[in-house]
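# Structure assessment
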Amino acid sequence: MPDQYLDNLNPADRLPVWRATLSQSDDVTLVAQHDGALCGFCSLVPSRDADAGAGIGEIAAIYVDPTKWHCGHGRALMLAVLDQARRTYRELTLWVLISNSRARCFYEALGFALDGGEKQDDRWGDFVLRELRYRFTLVEQ
């Protein structure tokens, strides 16, 4: 996302969104801590894609504080989410910005693969986000 957009975000505006997210019974949000402080999170939800069949989950978000990158928090979050997902889903998907090569390499190293899904998200008004879908099989068919 453009820096200007991110710089103008107000964390207090996200509080109602987080309350709603954490109250959803089908959603799972795991957190990572470093020295007792929150440093990351990962959210697992039923797939929101129109073409998703039964048994498909989605990693809706993963975030690790950039000052804590390369400390293992992101990998630990993803492994924990994969473990959690195996209880409910056959496959997982996630969407990533085409331009986010760091995240794409991270997902590929964990075994996620492109599945051909692409979308453009223009809900932000002044810019369009182009995303690719990755997929991970949890249960061999």
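In the block above lies the structure referred to throughout.
Here's what I pulled together on the structure shown here. Since the model is a prediction, treat every value here as computed from it, not as a measurement.

## A look at unusual backbone geometry
Note: most peptide bonds trans; most residues except glycine with negative phi. Phi is positive for D35, close to 50°, though the residue is something other than glycine. Not every positive phi belongs to a glycine, and H70 is a case in point at roughly 65°. Tracing the backbone shows H70 in the loop between β3 (56-64) and α3 (73-85).

## Describing the pattern of salt bridges
On inspection of all chains with the given rule, the structure shows 7 salt bridges. The shortest N-O distance in the salt bridge between D115 and R133 comes to 2.8 Å. Of the two residues, D115 sits in strand β5 (residues 113-121) while R133 sits in strand β6 (residues 129-137), which places them 18 residues apart along the sequence. Classification of D115 by relative accessible area gives partly exposed; the value is 27%. Taken together, the shared-partner salt bridges in this structure form one network comprising D49, D51, E91, D115, R133 and R135.

## Observations concerning the packing of aromatic side chains
Two descriptors summarise a pair of aromatic rings, namely the distance from one centre to the other and the angle between the planes of the rings. Taken as a whole, this structure holds 5 aromatic pairs when the rule is applied. Ring geometry for Y107 versus Y134: centroids 6.3 Å apart, planes at 55°, classification tilted. One end of the pair, Y107, is in helix α4 (residues 101-109); the other, Y134, is in strand β6, with 27 residues separating them in the sequence. The class for Y107 is buried, based on a relative accessible area of 8%. The class for Y134 is buried, based on a relative accessible area of 0%. Ring centres 5.0 Å apart and planes at 40° place the aromatic pair F112 and F136 in the tilted group.

## What about the sheet that holds β5?
Pairing within the open sheet is mixed, and its 6 strands lie in the order β1-β2-β3-β4-β6-β5. Lying at the two open borders of the sheet, with one neighbouring strand each, are β1 (28-34) and β5. Adjacent strand axes in the sheet meet at a mean angle of 25°, parallel and antiparallel pairs treated alike. Bridge count between strand β4 (residues 91-97) and β6: 7 bridges; the pairing is antiparallel.

## Considering α3
Spacing of three or four residues puts side chains on the same side of an α-helix, whose turn is 3.6 residues. Compared with an ideal rise of 1.5 Å per residue, which puts 13 residues at 18 Å, α3 spans 18 Å between its outermost C-alpha atoms and is within 8% of the ideal. Those residues of α3 lying buried are H73, G74, L77, M78, V81, L82 and A85. Angular distribution of buried residues about the axis of α3 spans 165°; they occupy a single face of the element.

## Some words on the nonpolar core
Among soluble globular proteins, nonpolar side chains are generally buried collectively. Counting residues in hydrophobic clusters, the biggest one holds 22 residues, and the most contacted among them are I59, M78, L92, L94, Y107, F112 and L138. Listed by contribution, the elements that provide at least two residues to this core are β2 (37-46), β3, α3, β4, α4 and β6. Residue contributions to this core peak at 5 residues, all from α3.

What counts and what doesn't
- Residues numbered from 1 in each chain as written.
- Predicted model: local features only at pLDDT ≥ 70, side-chain atom pairs only at ≥ 80, totals over all residues.
- Heavy atoms only, no water.
- Helix = DSSP H or I, 4+ residues; strand = E, 2+ residues; numbered from the N terminus.
- Salt bridge = Lys/Arg side-chain N within 4 Å of Asp/Glu carboxyl O.
- Buried < 20%, exposed > 50% of the residue type's maximum accessible area, 1.4 Å probe, protein only.
- Phe/Tyr/Trp six-rings, centres within 6.5 Å; stacked < 30°, edge-to-face > 60°.
- Pairing = 2+ DSSP bridges.
- Axes fitted to C-alpha atoms, helices over the stretch in contact; angles between N-to-C directions.
- Expected span 1.5 Å × (residues − 1).
- Arc of directions from axis to C-beta.
- Core = buried A, V, L, I, M, F, W, Y, C linked by side-chain atoms within 4.5 Å.

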